[in-house]
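Here are the chains, one letter per residue:
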Amino acid sequence: MKFTVKEIKDKEEKEKISKEILYDLPEWFGMPESTEEYVTDSQDKPFLASFYQDEIVGFIVLNTTSPDCADIFVMGIKKKFHRQGAATQLNEEYEKLAKKLGYIYSQVKTVQSGHYKEYDITNSFYTSVGYKELEVFPTLWDEWNPCQIYIKYLGN
């Protein structure tokens, strides 16, 4: 499949895209309050969306954690497009954007492996695109969701 990635600037379009994708992924985004926070907070951040023909496939949002480090604030790919290269391509475009904006590192926070099969899949994806485990914060979110932080050097 050939996917097209575009930067989205319009807040209403960001909201529409993020809702469509996140609502398709209740195994990862099943808590309505946090999902709504992702939708709302994504509107003011750099936002890339992936399309197949005219259908939305997924999105990724860049957040700033320091002058040198970008953060994957939220990322989602519709289930029917999993394992078809869309996430890898979206991540590549995110990394290009992060470097263009002056970041030399990227990080992502997710649930530590071994707790939920869905997040084991997520963690496998991040390591497959070059992210390395940095640290686990066992109670940052809560005791049932230990926060795993991955980092990646993007280069100068």
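A quick note: this is a predicted structure, and the numbers were derived from the prediction, not measured. (Residues numbered from 1 in each chain as written. Predicted model: local features only at pLDDT ≥ 70, side-chain atom pairs only at ≥ 80, totals over all residues. Heavy atoms only, no water.)

Let's talk about the sheet that holds strand β3 (residues 55–64)
Strand pairing in a sheet takes place through backbone hydrogen bonds and is either antiparallel or parallel in direction. The line we're drawing: Each pair of strands is called paired provided DSSP finds at least two bridges between the two strands. Where helices and strands are cited, they refer to DSSP runs of H or I of at least four residues and of E of at least two residues respectively, numbered from the N terminus. Only the stretch in contact is used when fitting a helix axis, every axis being a line fitted to C-alpha atoms; angles between N-to-C directions are given from 0 to 180 degrees. By the convention used here, residues are in contact when the closest approach between their heavy atoms is within 4.5 Å.
Strands sit in the order β1-β2-β3-β4-β5-β7-β6 across an open sheet of 7 strands; the sheet is mixed. At either end of the open sheet lies a strand with only one pairing partner, and these are β1 (4–8) and β6 (132–142). Shown here is a sheet whose adjacent strand axes are inclined to one another by a mean of 30 degrees, direction ignored. Bridge count for strand β5 (residues 105–111) against strand β7 (residues 145–153) is 7 bridges, and the pairing is antiparallel. Its bridge partner lying in β7, Ser 106 is registered against Lys 152. Each of β1, β2 (47–52), β3 and β4 (69–77) is contacted by helix α1 (residues 11–23), which is oriented at about 110 degrees to β3, the strand it contacts most.

Let's talk about helix α3 (residues 86–100)
The line we're drawing: The length a helix should cover is 1.5 Å for every residue beyond the first. The buried label applies to any residue whose accessible area, calculated with a 1.4 Å probe on protein chains only, is under 20% of its type's maximum; exposed applies above 50%, and partly exposed to all values in between. In this description, one arc is meant: the one made by directions from the helix axis to the C-beta atoms.
Between the first and last C-alpha of α3 there are 21 Å, a value that for 15 residues agrees with the 21 Å anticipated at 1.5 Å per step. Looking only at α3, the buried set comprises Ala 86, Ala 87, Leu 90, Asn 91, Tyr 94, Glu 95, Leu 97 and Ala 98. Looking straight down α3, one finds that the buried residues subtend no more than 165 degrees of arc, so they occupy a single side. What points out from α3, more than 90 degrees from its buried face, is the exposed set Lys 96 and Lys 100. Downstream of α3 by a residue or two, Gly 102 has a phi angle that is positive, lying close to 100 degrees.

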